[in-house]
Amino acid sequence: MRQGQGGDEDAGGSGESGSMGRGKGWRHAMKHVEFRTAASAQGGLVVMAGVPGVAAGSRVQLRDHAGRLRSGQVIRSADDAVLVEVFEGTDALDLERTWVRFLDEPFRLPLSRDILGRVFNGAGLPRDKRPPIVSADRRDINGEPLNPAARAYPREFIQTGISAIDGMNSLTRGQKLPIFSGGGLPHNRVAAQIVRQARLLGEASTEFAVVFAAFGASHADARFFQESFEESGVLDKVVMFLNLADEPVIERLLTPRAALTAAEYLAFDLDHHVLVVMTDMTAYAEALREVAVLRGDVPARKGYPGYLYSDLAEIYERAGRIRNRRGSITMIPVLSMPSDDITHPIPDLTGYITEGQIVLGRELANQGVYPPVTVLPSLSRLMKDGIGKNFTREDHPHVASQLFASYARALEVRGLAAIIGAEELSDSDRRALDFADAFERRFIGQGEDEDRSIHETLNLAWDLLSMLPPESLIRVTEEELAKYHKDTA
Amino acid sequence: MGRILEINGPLVKLELPQTLIGEQVRVGRMGLVGEVIGRDGGTALAQLYEDTAGLRPGEAAEGLGWPLSVELGPGLLGAIFDGVQRPLHAVRTLSGDRIARGVAVPSLVRETRWHFVPAAQAGRTLAGGDVLGSVQETASITHRILVPPLLHGELLELAPEGDYTVDETIGRVKLADGRIEKLALFHRWPVRTPRPFRQRDHAVAPLITGQRILDTFYPLLKGGKAAIPGPFGAGKTMLQQQIARWCNAEIVVYVGCGERGNELTDVLEFMPELTDPHTGRPLMERTLLVANTSNMPVVAREASVYVGITLAEYFRDQGYDVVMVADSTSRWAEALREVSGRLGQMPVEEGYPAYLGSRLAAFYERAGRVETLAGDHGSVTLIGAVSPPGGDFSEPVTSHTKEIIQTFWALSKELADARHYPAVDWLESFSGDVKSAAKWWAQAVDPEWEHARAAALDLLAASEELQRIVNLVGVEALSSEQRWTLESASLLKEGLLQQAATDEIDSFASPQKQFALLAALLEIHRQGLKLVQLGAPARRVIQLPLLAQARRWKSQHGSDDLEALKAKIAAIPEAFEPLLEDYAAGAGRG
Ligand SMILES: Nc1ncnc2c1ncn2[C@@H]1O[C@H](COP(=O)(O)OP(=O)(O)O)[C@@H](O)[C@H]1O
Ligand SMILES: [Mg+2]
């Protein structure tokens, strides 16, 4: 009994390692029976009476009086009452004329190589008018936690061609690095530029793929990405999962999971390097809150349930690398900060889970700087292990640290100048001001199609650091100063 | 045998009479394990350590008769366990890269034979905690085999020196009531019960972490409790990893509680490659990991910190100094909040139950330096990261923790943003152990330590005041002396407080190096002060090349290269001499 293995595998189940554990326990006896015992319905939840032995988490199919199908999931199960969450909601549901089937399996996604180039809805069904994916390999979209002892630490530098990222917050293969943004900021353009330009140094693009998931996004946003993929000619390497702003809210809870199931398949079964772009995590979290309120869960902060952290972690932690496997999942979630507030629970909890964040700022955007990366609160936690001598260039770690320090000090001076006037500043303070301006315009700012190599980025950094006196640059070594600083070189 | 009545998320209602609160249960055909958290007549409410999807009402359930316990014996060191002490390497062998449900593996490897050397004598009366013998588990750690704490009786026989597996019988004890108890190399202990000891001892020696802002400014004693609060990205994890890597404890228990998988992987990858600076052995030999990463089931998260502290106490009971780092205690508190929410308990602040404070206090109380049951001395030092939502230190977990601990290493977002690491805020942090630490420093390093530390802190506080003035009216409003104070403080921040974990030389500083640097920078301050008091403009003193040079000393001379550093320090007055001649003469003439 302890092992409980075998015997109960769903007949159509994959038997793949990827779904082995969660697949356990399901059986198919009930699948074909329709029940008409809905006892009550309210706010997306239906209570079914007299259906004993229903598996927790089972997928449910409801047929309403008009013959329309809705889907749902068992969230509580007892012999006398089964609580079902209906993704399309319970509006206009006539209890007397609602037929319910318990499919006795979790949400699964059929997988094959043919998913590349396809567009699915938020629940993983085709929305490109092409036939459904047929495969015996159907995986539970919830996935299973990766064993930390099986992970391989991400160490390979990805060049995005964007200086603010490569130079100061660099991305590594297998990292989860979100973009924190706000309404009206160019996060989509930045994400698209990363997808277009990302490549590994010294490696021809091998098997790569893009998984794009949109939840709560506008049609315009979805189209923007579609066109951007088309222009760069990678459409046949892209899998899309779209749940747009006017589509069922609860379905959003499935969308990132379906997308990541596809990503895991591409990465760890087909050895692809997968870049996952997800937008917008705020819409996801809001959907989660909506459901939590319906369920009556105790709220923690701002009405979001206490388990928002764990729930987000289940999604974000699916990025990474695995020992002895070739592929990888690099994740770039896009998230709009409500009222530009980084302490709001959604960016806050995200920052506690992801391996850094790229923060876009309104101030820079208003000054016409693209990409408006606010570097100080931005961070890449995996940068330290993927840059430097054997990865990018030996001076990279120190240059990055020096840019942060010098820019942070220059911003203090700018604040001071605003109060006492620039005329009152000392000579060295004035140099700092000039540095800040040049840094923002030339280093952070760049063209949307400008693809800078890491060497160009670092050389540019030295051009700017050379505006400051060498003795003020103590984060770089004396040897580096001698080699790269214009005053001493 | 009972059965499942209802499944609701991780909670299952069971028809299972006669179970106790806290008892382990096994339910369903998958054999999922959990613990009873509530009773009502013949039904029990249990929370399961694994995902409940696929469970159905009617499936079998059984009580196991014991509370959540850990296996304590040889084989712990170097291992990585999940939140309920399943060995993750073995789990991987069984279920692949992903953790499948219902995998049952014993915590300690059953096959390994350990070389046991007996120490106790048959015929003698034994009490709990007595040493039966030992196993040389790694080159640096002798694993003492202890009599289980609550046992008392006559040792009838003890196995001779030889190789035994952990569950072979190595001895028999006759209890007072005549029953005979078998002994093995390992025993079990319930994680929520503190392991007993004879009495608490005074903590006497500071834990040396090699991190200057910690050791020199906000010391923590062996057996003490510390908290590291800070917003995301401020450096909590790095600081804890630095401590795990460099501290002078004999055993380190690293608990990853609700944090990133890659951080554990990082530790798993770097620890075996680094050597313990104190024994020269691979660091992994003194380390054990407990991991419930954020994507692993939440219920086991609550258990993971108890598993960790019990493992720590077990090594303490062998007479070792143990450090446990918990990253992050906030995730544990949140897991507690979820359980209480499911039980329908009244939330008091931000959803947390009223007993949050007392739970935290009881947990931290398990730290301490003690006289063990066997009469040895051992300690558990507890260092918990705290992850306040929005970086707000007034939230419940941070504020309760702050009242419990003695040492508070507050991390600041502003410092982290400017990449000043470790981002320990020198004004917000505190340590209640400075007096005790001073005794050690005075003896082991330098009698001047306490004065020097205070002088440096005064300088930092003064500069904070002055900075406020500058921000209002500009630096021109300051006197030369005040401007020199600002410069000296900045020298302290950059040349002493800031310490890059990623810099090979700077990563660790011995107490001697810490004091040498501190004394040197203070000497520079005094020399400059003398000059400006003689009338030299601060601007001229600030331009001395020495000031830029001194900022680099920390990463130019390792702890084993103090002579070169001391030579530079001895030359400090020389650097000031030319200026001094100018102004001393000027003052004389005037
Ligand atoms: N002592 C340090 N030395 C060098 N870099 C550090 C140090 N502390 C933190 N960092 C940098 O900051 C990043 C975030 O630190 P981390 O400890 O993960 O923060 P937290 O756990 O508080 O979220 C790290 O990835 C590293 O780049
Ligand atoms: Mg951390």
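Our subject is the structure that appears above.
The residue count restarts for each chain, going from 1 along the sequence in the order it is written. Ligands are numbered from 1 and chains lettered from A, in the order in which they are written. Where totals are concerned, whole chains, interfaces and linings use all residues; where local detail is concerned, this predicted model gives features only for residues with pLDDT of at least 70, and gives and counts side-chain atom pairs only at 80 or more. Side-chain measures here rest on the full set of heavy atoms in the structure, leaving out hydrogens and waters.

Caption draft 1: Expanded view of the nonpolar core. All names here are of chain B. Nonpolar cores were defined as sets of buried Ala, Val, Leu, Ile, Met, Phe, Trp, Tyr and Cys residues, with membership established by side-chain atoms within 4.5 Å. When accessible area is computed with a 1.4 Å probe and restricted to protein chains, residues below 20% of their type maximum are described as buried, those above 50% as exposed, and intermediate ones as partly exposed. Ile383, Trp409, Ile524 and Trp553 are the most contacted members of the largest nonpolar core, which totals 87 residues. Only DSSP runs of H or I covering at least 4 residues are called helices, and only runs of E covering at least 2 are called strands; the numbering of each starts at the N terminus. The biggest single contributor to this core is helix α13 (residues 511–533), with eleven residues. When residues of this core are sorted by domain, at least three fall in each of domain 3 (199–433) and domain 4 (449–589). In what follows, a contact means two residues having at least one pair of non-hydrogen atoms within 4.5 Å. The residues touching Ile383, leaving out its near neighbours within four places in the chain, are Leu207, Leu220, Ala226, Ile228, Gln240, Ile243, Val323, Met324, Val325, Ala326 and Trp409. Residue ranges assigned to each domain were obtained from an automatic or database domain assignment.

Caption draft 2: Just the interface of chain A and chain B, in detail. Taken together, the contacts link 88 residues of chain A with 88 residues of chain B. The buried area of a pairing is the accessible area, by a 1.4 Å probe, that goes missing from both parts when the two are put together, added over both. For the pair chain A and chain B, the two sides together bury roughly 7,400 Å², of which 51% comes from carbon and sulfur. A carboxyl oxygen of Asp or Glu within 4 Å of a side-chain nitrogen of Lys or Arg is what we treat as a salt bridge. Our count for the contact surface shared by chain A and chain B stands at seven salt bridges. With a shortest N-O distance of 2.7 Å, B:Asp97 and A:Arg325 are connected by a salt bridge. As used in this structure description, the phrase polar contact means that two N or O atoms lie within 3.5 Å; if the pair is within protein, one of them must be able to donate a hydrogen and the other to accept it, and residues adjacent in sequence are counted only when both atoms belong to side chains. Where chain A touches chain B, the interface holds 31 residue pairs in polar contact (both at pLDDT 80 or more).

Caption draft 3: Fine view of the side chain of A:Thr172. Residue placement: A:Thr172 occurs in strand β13 (residues 171–172). Beyond its immediate sequence surroundings of up to four residues, A:Thr172 is in contact with A:Pro154, A:Arg155, A:Glu156, A:Phe157, A:Ile158, A:Thr330, A:Leu382 and A:Gly386.

Caption draft 4: Just the packing of helix α7 (residues 356–364) of chain B against helix α8 (residues 396–404) of chain B, in detail. Residue and element names in this part refer to chain B. To obtain an axis, a line is fitted to C-alpha atoms, over the contacting stretch when the element is a helix, and the angle between two such axes runs from 0 to 180 degrees between their N-to-C directions. At their nearest, the axes of α7 and α8 sit 9 Å apart, and the two run at 45 degrees to each other. The orientation of α7 with respect to α8, classified from their angle, is oblique. By crossing handedness, the relation of α7 to α8 is classed as right-handed. Residues Leu356, Gly357, Leu360, Ala361 and Tyr364 of α7 pack against Pro396, Val397, His400, Thr401 and Ile404 of α8. Residue composition of the contact of α7 with α8, grouped by class: seven nonpolar, three polar and no charged. In what follows, roughly perpendicular refers to angles from 65 to 115 degrees, roughly parallel to angles under 35, roughly antiparallel to angles over 145, and oblique to any angle outside these ranges. Crossing handedness follows the turn of the near helix against the far one: under a right angle anticlockwise gives a left-handed crossing, and clockwise gives a right-handed one. Any residue that is not Ala, Val, Leu, Ile, Met, Phe, Trp, Tyr, Cys, Pro, Asp, Glu, Lys or Arg is counted as polar, Gly included; the first ten are nonpolar and the last four charged.

Caption draft 5: Quick peek at the sheet that holds strand β21 (residues 356–359) of chain A. Residue and element names in this part refer to chain A. Pairing is mixed across the open sheet formed by eight strands, whose spatial order is β9-β17-β16-β18-β20-β14-β21-β22. In this open sheet, the two strands that pair with only one neighbour each are β9 (119–121) and β22 (379–380). For two strands to count as paired, DSSP must find a minimum of two bridges between them. For β9 and strand β17 (residues 238–244), the ladder comprises three bridges, and the chain directions are parallel. The partner of Val119 across the bridge, within β17, is Met240.

Caption draft 6: View of the sheet that holds strand β15 (residues 171–175) of chain B. Residue and element names in this part refer to chain B. Taken in spatial order, the four strands line up as β10-β13-β15-β16 in an open sheet, and their pairing is antiparallel. Edge positions in the open sheet fall to β10 (125–127) and β16 (180–183), since each of these has one partner strand only. On average, each strand axis in the sheet is inclined to that of its neighbour by 40 degrees, with strand direction left out of account. Pairing of β15 with β16 involves four bridges; the strand directions are antiparallel. Within β16, the residue paired with Arg172 across the bridge is Lys182.

Caption draft 7: Here's a closer look at helix α7 (residues 308–316) of chain A. The buried fraction of α7(A) amounts to eight of the nine residues, a majority that puts the element mostly inside the structure. Among the residues of α7(A), those classed as buried are A:Leu308, A:Tyr309, A:Ser310, A:Asp311, A:Leu312, A:Ala313, A:Ile315 and A:Tyr316.

Caption draft 8: Main features of the side chain of B:Arg301. Along the chain, B:Arg301 turns up in helix α5 (residues 298–316). Charge assignment in this entry is limited to Lys and Arg as positive and Asp and Glu as negative, and neither His nor the chain termini are counted. With no salt bridge to any partner, buried B:Arg301 finds its closest opposite charge in B:Glu334, at an N-O distance of 6.1 Å. At 3.0 Å, the side chain of B:Arg301 forms a polar contact with the backbone oxygen of B:Ser294. Ignoring sequence-local partners within four residues, the contact set of B:Arg301 consists of A:Tyr309, A:Ser310, B:Cys257, B:Gly258, B:Asn292, B:Thr293, B:Ser294, B:Asn295, B:Met296, B:Arg331, B:Trp332 and B:Ala335.

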